[in-house]
Amino acid sequence: MENRGPAPPAPPAPPAPGEPAAGPGPAPRFLPAPFRRPRAGGCALRFCALIMAARGHVQDPNDRRLRPIYDYLDNGNNKMAIQQADKLLKKHKDLHCAKVLKAIGLQRTGKQDEAYALAQEVAALEPTDDNSLQALTILYREMHRPELVTKLYEAAVKKVPNSEEYHSHLFMAYARVGEYKKMQQAGMALYKIVPKNPYYFWSVMSLIMQSISAQDENLSKTMFLPLAERMVEKMVKEDKIEAEAEVELYYMILERLEKYKEALDVVRGKLGEKLTSELQSRENKCMAMYKKLRRWPECNALSRRLLLKNSDDWQFYITYFDSVFQLIDESWTPPAEEEHSLEGEVHYSIEQAVKFIEERITEESKSSRPLRGPYLAKLELIRRLRYRGCNDEYKLGDPEELMFQYFKKFGDKPCCFTDLKVFVDLLPSSQYTKFVSQLLEVIPLSATAESEVALPADIKALQQHLCVVQLSRLLGIYHAMERNQKLTTVRELMLRYRHGLEFGKSCLKTELQFSDYYCLLAVHLLLDLWLEGEDTAVWQCLTLLEEGLSHSPSNAQFKLLLIRIYCRLGAFEPVAELYASLDAKHIQHDTIGYLLTRYAEPLGHYAAASQSCNFALRFFHSNQKDTSEYIIQAYKYGAFEKIPEFIAFRNRLNSSLHFAQVRTERMLLDLLLEANISTSLEESIKSMSLSPEEDDIPWKDLRDNRDLTVLFNWDPKDRDISEEHRKLSLEEETMWLQIRSLTLRLVSGLPTLSHTIQPKNSEKMAENGVSSKIDTVRSLLQQLEAAVDSGKKFLEQKIQYPVLGPPPTRMAGFFSNGSCQCQTSLFYLVSDIYELDTSGLEDSAEIQERIGNSFKSSVERLTDLFNKCKGDLIEVRDGTLKTHPNLLENLVFFVETISIALWVSSYCDSVLRPFKSNLQKKKKKKKESSVAMPPVFTHFLDYVTELQTLTSNVIDHIKGLEIILTALKLEELSLKDTLLLQEEKTFTKTVQGKVQSSYHHSIQEIGELLKKRLDTIKKLKI
């Protein structure tokens, strides 16, 4: 079976794990739909086993022998797979595949080194049998070593130079690691063996990828792209262009070379006839090139022609208006005798545009299906004319009346609000109330015996009324109300919400209720009241949202809003469950993951923080591997234009602000939970491969991928999230990330200083490189000081983000509670201790005094920080519950700061311990009854004792908080608010119970961690 040479032409040889075969067999084509490939791992192994079973009429005896091992691996029984492989290898020592399958079993049982050694043993033999190659490919992917797959197939190709299969697998292996130059060569080598178009164009695309990844743009434009163009032109001249993907690739090259005229000729010519897979693909490409060439007559004529075909296509209305006004500004007139343009008749005046839109509306009225496009186009034209100051000349109608007519026609559609939202600025503010009243008049509402409020009789009327309510919020009518009016409106909205539930009785659990927006709008009104200082309003928000969620369990807006409000109140426990029920997928871990990771650790839920960081990091780490697979699929199916998009997507994720934050916070959290508790600080840092010198955060390229508009919002523009808010939030997040990253690097620098056992002279310091380590620590300290100063200046602006906007960072609390000063002074203490270590105890009285003062000030600062943690976390005031999340955050900062103090103390201990043992040896030699002990020892012992006392006091304080929280009888709260219905009171008690439970959980976790830290302090005795 081993080294059996080239595969026969039939039956086809098996593909590499999880990949469709590239050949031999019929010529590969660019397929229209993706081939569903098994994932690397168990499924891929099962796929290999199926391939073995299907291979030929006579089964290879080795395939039969290997089958049990495949089965064990598929079923996750890795130990049995290893045993079975060992049995087989005793009888058949040269069965390479069995060794690799054993290596897969070892890899999956955590024995990576053994697995790697076994794999390399087989790889060194340069196998060419399919089973071994497939199994090794799976193993290397599981090891995240795709570069080893390339070496594997390079060797296979050398031994079997005419194998189409191995050449294609080699190409894909290069694609996984982004070796574009080698991909180009492999593609051409493949084309020479089997002259099929796809292989040729793989090589062309690899040239484009070289141009995209080239640092020198000039090189890209003068070498790679022209070469790619010549290669395609050769195929065009020889009339060998077969597939649409090949034309797309030619178009892409010309566009990147900015040869827009040539690209346009390709699309309009014979080759353009192949562009058929997407609707209007040819027209869209023509339009893009006309815009690049600023050929506005053609732009206008083409968009006009396309609107005649489909008057509901909004993108072409925008192009039509853009081109009309460009032609007016250029004073363009049509040629006397020739056609207006390549695309036909051109409209070049406002009169023609007005007439064209009116004709579209007339046509629409005859249509069997109502179309929104023409009516919205009229409003868009009015807006553009008004912007140019010439609306009065062309009587298109009053925007208010047009919007009213639009509402009458489309008001029962959920999209009506979002359509009109764009144009409300056409209304004068004095007309807002009148406009809303006008809309309400046409909605069929009827009062019932049970209620004074007029309610809709069907879903259509409900949708219309919802649209008006949303517009009222958008126009600021609700914001202008007094407190009592707002509360009355909340009651009315909730009445309408509960009435609307009647229409959704048949809805599935996965469907949203028709009236859910009423509940959301009521909550938004209550949030306004909360921000105005009404504490009870926030509890009503939670009550209404929990009620809404009970009727509409799949409503993501309810969940997201609950997450934000619970976090603002300092209760993380219910948030973890809510976020899990959102079932965030793929990219959402980056776009909305900040809602979870921002609050988990600061609110004392360390276990949940670890878990939430893991979720996010798993996605980011799999991004590299997954994107490689997308790129490979794009090559296989000729989706060449998607390949640069996938690369850009991968780069954007690698540069994600959230990724950098989660990675930094996760490492700090791991150190907080484990360093000097279950493992030493040095071991913890080593396992994370942390180095104080290395900063792998791409500061210049950081991308803010957060979705800050994920929560629905009906606020007017002046209250909504602005672009300025986004910029300021990114700036704040980056500053906080710098502080956290520098803190992490400073902590990681502590163990590097601990190996200086004896006092050293300057020559020795330079030799062993430790001096450079302290230089690194001092440099990082200077950077930290600079970052802190920048942060303080930023906070002086006192920025207030909208309540549903980006959450602020922890930076303000870090500065105000004294954690910052305390942590910085502790790192400066490291520098002093190092100085004492290098200069020795003699003649170092000044340094010792400085260290003693640092110890005292450190304890004082920690005591001040503890004082800022005192107070009730939850208190009942006038029958209302009030939470103090800032106390919880201060406690978390205290735990972090005391941990840093202990790590610094451990370093101090490692320096002073050898000094003390030397002094004791001298004492024994001289046989003196008393040798004066240097003051630094007393200072250190006093410091450790005070740390121990302080930590014990904090633990006692936390126990007291636990007792208070447990004794808090929330059910005895009066809940006297007459606005609350009986059902709502039940939800209120549930909500308050969740908040109480969450705070209880937080202080339990904080208390447990502090107890472990106290045990560490007790060991610090010189």
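Residues numbered from 1 in each chain as written. Predicted model: local features only at pLDDT ≥ 70, side-chain atom pairs only at ≥ 80, totals over all residues. Heavy atoms only, no water.

A.B. asks: What am I meant to see in the overall build of the protein chain here?
C.D. replies: The secondary structure content of the protein chain amounts to 42 helices and four strands. Counting over 1022 residues, the protein chain shows a buried share of 55%. Within the protein chain, counting contacts between residues at least 6 apart in sequence, those at least 24 apart form 73% of the total. (Helix = DSSP H or I, 4+ residues; strand = E, 2+ residues; numbered from the N terminus. Buried < 20%, exposed > 50% of the residue type's maximum accessible area, 1.4 Å probe, protein only. Contact = heavy atoms within 4.5 Å.)

A.B. asks: Just to check I follow, could you spell out the packing of helix α24 (residues 516-531) against helix α25 (residues 536-551) for this structure?
C.D. replies: Helix-helix packing is characterised by the crossing angle of the two axes and by the distance between the axes. In contact at an axis separation of 8 Å, α24 and α25 are set at 165° when each is read in the N-to-C sense. Between α24 and α25, the angle falls in the class roughly antiparallel. At the point where α24 passes α25, the crossing takes the left-handed sense. Each of C519, L520, A522, V523, L526, L527, L529 and W530 in α24 lies in contact with α25, whose residues at this interface are A537, V538, Q540, C541, L544, L545 and G548. Residues belonging to the contact of α24 with α25 are distributed by class as follows: 13 nonpolar, two polar and no charged. (Axes fitted to C-alpha atoms, helices over the stretch in contact; angles between N-to-C directions. Parallel < 35°, antiparallel > 145°, perpendicular 65-115°, else oblique. Left-handed = near helix turned anticlockwise from the far one by under 90°. Nonpolar A, V, L, I, M, F, W, Y, C, P; charged D, E, K, R; others polar.)

A.B. asks: Please clarify how the pattern of salt bridges should be interpreted in this entry.
C.D. replies: Opposite charge on two side chains permits pairing when their charged atoms draw close. All chains considered together, the criterion is met by 53 salt bridges. Across the pair K486 and E532 runs a salt bridge, and its minimum N-O distance is 2.9 Å. Of this pair, K486 sits in helix α23 (residues 483-500) while E532 sits in the loop between α24 and α25; the two residues are 46 residues apart in sequence, bridging distant segments of the chain. Here the salt bridges do not stand alone but share partners, grouping D322, E380, R383 and R384 into one network. (Salt bridge = Lys/Arg side-chain N within 4 Å of Asp/Glu carboxyl O.)

A.B. asks: Help me out: how do you make sense of unusual backbone geometry in this one?
C.D. replies: What is expected of a backbone is that most residues other than glycine have negative phi and most peptide bonds are trans. For Q280, which is not glycine, the phi dihedral falls at a positive 55°. Its relative accessible area of 19% is what places Q280 among the buried residues.

A.B. asks: Even after reading the chapter, I still don't get the pairing of strand β4 (residues 880-883), so can you show me in this structure?
C.D. replies: Here strand β3 (residues 874-877) pairs with β4 via four bridges, running antiparallel. Residue E875 lies in a different strand from β4, and its bridge partner there is K882. In this structure, the hairpin formed by β3 and β4 is closed by a connection of two residues, where D878 is found at a positive phi of approximately 55°. (Pairing = 2+ DSSP bridges.)

A.B. asks: Please clarify how the environment of F558 should be interpreted in this entry.
C.D. replies: Turning to its location among the elements, F558 is positioned in helix α26 (residues 556-568). Each C-alpha atom, one on F558 and one on E547, is 9.6 Å from the other, the two residues being 11 residues apart in sequence. Once residues within four sequence positions are removed from consideration, F558 is found in contact with D516, C519, L520, L545, G548, L549 and S552.

A.B. asks: Whenever I open this one, helix α19 (residues 399-410) confuses me. Can you help?
C.D. replies: Residue pairs three or four apart in sequence face the same way in an α-helix, which turns once every 3.6 residues. Between its first and last C-alpha atoms α19 spans 16 Å; for 12 residues at 1.5 Å apiece the expected length is 16 Å, and the two agree. What α19 keeps buried is the set P399, E400, L402, M403, F404, Y406, F407 and F410. In the core, the buried residues of α19 are packed alongside α18 (373-387), α20 (415-421), α21 (432-441) and α22 (459-474). (Expected span 1.5 Å × (residues − 1).)

A.B. asks: Mind showing me how you'd approach the side chain of S628 here?
C.D. replies: Within the element layout of this structure, S628 appears in helix α30 (residues 606-636). S628 has contacts with R176 and R650, leaving out every residue within four places of it along the chain.

A.B. asks: Looking at this model, I keep getting lost on the nonpolar core. Mind explaining?
C.D. replies: For soluble globular proteins, the rule of thumb is that nonpolar side chains tend to be buried together. With 302 residues, the main nonpolar core has Y635, F640 and F894 as its most contacted residues. Per-element tally for this core: the top contributor is helix α40 (residues 885-926), with 19 residues. Core analysis: the next-biggest nonpolar cluster, separate from the first, contains eight residues, L617, F619, L653 and V662 among them. (Core = buried A, V, L, I, M, F, W, Y, C linked by side-chain atoms within 4.5 Å.)

A.B. asks: Honestly, the packing of helix α9 (residues 180-193) against helix α10 (residues 197-213) in this entry has me stumped. Any pointers?
C.D. replies: Here α9 crosses α10 at 165°, and the two axes come no closer than 8 Å. The orientation of α9 relative to α10 falls into the category roughly antiparallel. Both α9 and α10 take part in a crossing whose hand is left-handed. Contacts from Y180, K181, M183, Q184, G187, M188, L190 and Y191 of α9 reach α10 at N197, Y199, Y200, W202, S203, S206, L207, M209, Q210 and S213.

A.B. asks: Could you clarify how one ought to interpret the state of the cysteines in this entry?
C.D. replies: In a disulfide, the sulfur atoms of two cysteines are covalently bonded to one another. Inspection of every chain in the model, using the stated rule, returns zero disulfides. Distance from the sulfur of C415, which forms no disulfide, to the nearest cysteine sulfur (C416) is 6.8 Å. You can call C415 partly exposed: its relative accessible area is 24%. (Disulfide = S-S within 2.5 Å.)

A.B. asks: How should I be thinking about a negative patch on the surface in this particular structure?
C.D. replies: Where like charges cluster on the molecular surface, the negative patch consists of E860, D864, D942 and E946. Secondary structure elements with two or more residues in the negative patch: α39 (845-867) and α41 (935-967). One can find D942 in helix α41. (Patch = residues over 30% accessible without salt bridge, like charges linked within 9 Å, V, L, I, M, F, W, Y side chains within 5 Å. Areas by Shrake-Rupley, 256 points an atom, 1.4 Å probe, with all protein chains shown as cover. Lys, Arg positive; Asp, Glu negative; His and termini not counted. Charge placed at Lys NZ, Arg CZ, Asp CG, Glu CD.)

A.B. asks: Hey, could you run me through helix α4 (residues 96-108) in this one?
C.D. replies: The terminal C-alpha atoms of α4 lie 19 Å apart, and with 13 residues this matches the ideal 18 Å at 1.5 Å per residue to within 8%. Most of α4 sits out of view: 12 of its 13 residues are buried. Residues H96, C97, A98, K99, V100, L101, K102, A103, I104, G105, L106 and Q107 constitute the buried set of α4. Where α4 ends, the next residue or the one after it, G110, has phi of about 85°, a positive value.

A.B. asks: Before we go on, may I ask you to explain the confidence of the model for the protein chain in this structure?
C.D. replies: Interpretation of this model should avoid reading the predicted coordinates in detail wherever pLDDT is low. Of the residues in the protein chain, 90% reach a pLDDT of 70 or more, and the chain-wide mean stands at 87. Scored below 50 in pLDDT, residues 1-43 shows 105 contacts in the model against residues more than four places distant or in partner chains. The low-confidence segment residues 49-58 (pLDDT under 50) makes 15 contacts with residues lying over four places distant or belonging to another chain. (pLDDT = per-residue confidence, 0-100.)

A.B. asks: Just to check I follow, could you spell out the side chain of Q470 for this structure?
C.D. replies: Tracing the sequence through the fold places Q470 in helix α22. Overall, Q470 belongs to the buried group, its relative accessible area being 6%. A polar contact of 2.8 Å, which involves the side chain of Q470, links it to the side chain of W714. (Polar contact = N/O pair within 3.5 Å; in protein donor to acceptor, adjacent residues only side chain to side chain.)

A.B. asks: How should I be thinking about the packing of aromatic side chains in this particular structure?
C.D. replies: Aromatic ring pairs are defined here through the distance separating the ring centres and the angle between the ring planes. A complete count under the given rule lists 26 aromatic pairs for this structure. Centroid distance W332 to Y348: 5.6 Å. Interplanar angle 70°. Geometry classified as edge-to-face. Of this pair, W332 sits in the loop between α16 (314-329) and α17 (350-366) while Y348 is found in the loop between α16 and α17, placing the two residues 16 residues apart along the sequence. The class for Y348 is partly exposed, based on a relative accessible area of 26%. Pairing F855 with Y943 gives two aromatic rings, centres 4.4 Å apart and planes at 20°, and the pair type is stacked. A residue pair is termed long-range when its members are at least 10 positions apart, and F855 in helix α39 and Y943 in helix α41 qualify at 88 residues. Each member of the pair F855 and Y943 is classed as buried. (Phe/Tyr/Trp six-rings, centres within 6.5 Å; stacked < 30°, edge-to-face > 60°.)

A.B. asks: Could you clarify how one ought to interpret the environment of E860 in this entry?
C.D. replies: Its location among the elements puts E860 in helix α39. The exposure class of E860 is exposed, given its relative accessible area of 52%. A sequence separation of 86 residues divides E860 from E946, and the C-alpha atoms of the two residues are 9.9 Å apart.

A.B. asks: Help me out: how do you make sense of the environment of I587 in this one?
C.D. replies: Examined against the element boundaries, I587 turns out to sit in the loop between α27 (573-582) and α28 (588-591). What makes I587 partly exposed here is its relative accessible area of 30%. Taking the C-alpha atoms as reference points, I587 and F620, separated by 33 residues in sequence, lie 9.0 Å from one another. The contacts of I587, once residues within four sequence positions are left out, are F619, F649 and L653.

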